[in-house]
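If you want the building blocks of each chain, they are given just below.
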Amino acid sequence: MDTIKNAGNYVSDKVQSATSGASKEANKNVAKDNNANIGTRAEAGFDALKDKSKEHGHDASAEANKQAATH
């Protein structure tokens, strides 16, 4: 039963990682946009860093769930 739970958590973490990655890329594009005001660009840059952190956290959690599901 734990194997099924870990497999489900793995899939969930991979989806959340992909979502954070997409958000990170969108925020990076806003941060690079010369037409956006400096406040918006700075906030987008900060948000991109937060998204990158979340992405790495979800990747690590997914790997842990993957290992738990296979053992």
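Thresholds, definitions, all that
Residues numbered from 1 in each chain as written. Predicted model: local features only at pLDDT ≥ 70, side-chain atom pairs only at ≥ 80, totals over all residues. Heavy atoms only, no water. Helix = DSSP H or I, 4+ residues; strand = E, 2+ residues; numbered from the N terminus. Rg over C-alpha atoms; globule rule 2.2 N^0.38 Å. Contact = heavy atoms within 4.5 Å. Areas by Shrake-Rupley, 256 points an atom, 1.4 Å probe, with all protein chains shown as cover. Expected span 1.5 Å × (residues − 1). Buried < 20%, exposed > 50% of the residue type's maximum accessible area, 1.4 Å probe, protein only. Polar contact = N/O pair within 3.5 Å; in protein donor to acceptor, adjacent residues only side chain to side chain.

K.L.:
Mind showing me how you'd approach the overall build of the protein here?
P.N.:
Secondary structure assignment for the protein yields two helices and zero strands. Over its C-alpha trace the protein gives a radius of gyration of 16 Å, far above what one expects of a compact globule, namely 11 Å for 71 residues. Taken over the C-alpha atoms alone, the protein extends approximately 50 × 15 × 10 Å along its principal axes. Summarising the internal contacts of the protein: among those between residues at least 6 apart in sequence, 68% fall at separations of at least 24. Counting only carbon and sulfur atoms, one obtains 56% of the accessible surface of the protein, whose full area is about 4900 Å².

K.L.:
Mind showing me how you'd approach helix α2 (residues 38-70) here?
P.N.:
Side chains three or four residues apart in an α-helix point the same way, a direct result of the helix having 3.6 residues per turn. Taking 1.5 Å per residue as the helical rise, α2 with its 33 residues ought to reach 48 Å, and the 48 Å between its terminal C-alpha atoms agrees with that figure. Among all positions of α2, only A44, A48, D51, E55, H58, A62 and N65 are buried. The inward-facing, buried residues of α2 contact α1 (2-32). A distance of 3.1 Å separates the backbone nitrogen of G39 from a side-chain oxygen at the start of α2, and that oxygen is part of N37.

K.L.:
Where do I start with the environment of R41 in this structure?
P.N.:
Mapped onto the secondary structure, R41 falls in helix α2. Judged by its relative accessible area of 23%, R41 falls in the partly exposed class. Each C-alpha atom of the pair R41 and S23 lies 14 Å from the other, and the pair is 18 residues apart in sequence. Ignoring sequence-local partners within four residues, the contact set of R41 consists of V30, A31, K32, D33, N34 and A36.

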